[in-house]
Amino acid sequence: MPASIRRWISVALCVFGLAVVSAPALAQTGQVRISIVKGGWFIGAQAGNGTLTFAGKTYPLAVGGLSAGLVFGGSATDFVGTASNLRRASDIQGVYSAIGAGAAIAGGARAIQMRNANGVVLTLRGKQVGLMANLDLSGMTVTMR
């Protein structure tokens with residue numbers, strides 16, 4: 001292959017490489033803080049509030065939901081974590097689902113990962129206060145206030 005063709009191929013690959021590297025990411029990650037109070041006897045309910053920090057702005061959130069299955073007790077949990085696959089802040093809104101199994105007694109650590117229909121994944125960890133044992137399919141709704 002002649003040197004001039006190799007040179008053009010090298011230039012084209014460099015230009016393509018720069019275009020790929022400098023292209024903005026389609027999806028981004030935000031920071032989430034959520035406080036939830038949960039209670040129930042076979043059927044449970046949860047309510048709370050929090051914030052999403054995304055693209056330099058902070059957005060207030062409201063959280064609610066129901067649980068069904070083996071649910072017993074009451075607890076309060078302060079979660080911190082991330083919301084990934086966000087294209088805009090409003091993508092965080094929706095119904096999140098996860099299959100969970102666990103128990104926390106007097107300050108147990110909790111971790112959960114949930115996904116909504118927009119593809120946003122909440123990865124949360126926190127400390128739970130109270131007595132709550134559950135083996136259920138939980139649904140959590142997040143809305144922006």
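Just so it is clear, the structure is predicted and the values come from calculations on it, not from any experiment.

Details of the environment of N49
- Checked against the element boundaries, N49 lands in strand β1 (residues 28–54).
- Assessed through its relative accessible area of 40%, N49 is described here as partly exposed.
- The sequence separation of N49 and M144 amounts to 95 residues, and the corresponding C-alpha distance is 9.6 Å.
- The residues touching N49, leaving out its near neighbours within four places in the chain, are R33, I34, S35, L61, A62, V63 and R145.

Details of the confidence of the model for the chain
- Of all residues in the chain, 68% attain a pLDDT of 70 or more, and the chain-wide mean is 77.
- Here residues 15–24 scores under 50 on pLDDT; set against residues more than four positions off or in separate chains, the count is zero contacts.
- Confidence drops under pLDDT 50 across residues 101–106; counting only partners more than four residues distant or on other chains, this segment forms 17 contacts.

Structural notes on the nonpolar core
- With 20 residues, the main nonpolar core has V32, L52, A83, I92, Y96, L122 and M140 as its most contacted residues.
- The set of elements that each furnish at least two residues to this core consists of β1, β2 (57–86), β3 (94–105) and β5 (121–144).
- Residue contacts for L122: discarding those within four places in its chain leaves V32, T82, A83, I92, Y96, I112, Q113, M114 and M140.

A short note on the pattern of salt bridges
- For the coordinates displayed, the defined rule picks out one salt bridge.
- D91 is the salt-bridge partner of R88, the closest N and O atoms lying 3.6 Å from each other.
- Judged by its relative accessible area of 7%, D91 falls in the buried class.

Section: a nonpolar patch on the surface
- Judged by side-chain polarity, W41, F42, I43 and F72 come together as a nonpolar surface patch covering roughly 490 Å² of accessible area.
- Per element, the largest residue contribution to the nonpolar patch is three residues, and it comes from β1.
- Relative to the elements of secondary structure, I43 occurs in strand β1.
- The exposed category is assigned to I43, whose relative accessible area is 61%.

Examining unusual backbone geometry
- With a phi angle near 55°, A55 is a residue other than glycine that sits in the positive phi range.
- Take A55: it is sitting in the loop between β1 and β2.
- Under the relative-accessibility criterion, A55 is labelled exposed at 62%.
- At N85, a position not held by glycine, the phi torsion is positive, near 70°.
- Along the polypeptide, N85 turns up in strand β2.

Conventions and cut-offs
- Along each chain, residue indices are assigned from 1 in the same order as the chain's sequence is written.
- With pLDDT at 70 or above as the cut-off, local features in this predicted model cover only qualifying residues; side-chain atom pairs require 80 or more to be listed or tallied, and sums for whole chains, interfaces and linings still use all residues.
- In computing side-chain properties, one takes all heavy atoms of the structure into account and sets aside hydrogens as well as water.
- Helix numbers and strand numbers start at the N terminus; a helix is a DSSP run of H or I with at least 4 residues, a strand a run of E with at least 2.
- Buried, partly exposed and exposed residues are distinguished by accessible area as a fraction of the type maximum, computed with a 1.4 Å probe on protein chains only: under 20%, between the cut-offs, and over 50%, respectively.
- Residue contacts follow a heavy-atom distance rule, with two residues in contact if any of their heavy atoms lie within 4.5 Å.
- Note: pLDDT gives the predictor's confidence per residue, expressed from 0 to 100.
- By nonpolar core is meant a set of buried Ala, Val, Leu, Ile, Met, Phe, Trp, Tyr and Cys residues that side-chain atoms within 4.5 Å join together.
- Each salt bridge in this description consists of a side-chain nitrogen of Lys or Arg and a carboxyl oxygen of Asp or Glu lying within 4 Å of one another.
- For patch detection, residues must exceed 30% relative accessible area and be free of salt bridges, and they are connected within 9 Å for like charges or within 5 Å for nonpolar side chains (Val, Leu, Ile, Met, Phe, Trp, Tyr).
- The Shrake-Rupley method, run with a 1.4 Å probe, gives the accessible areas here. Residue values count only the displayed protein chains as cover.

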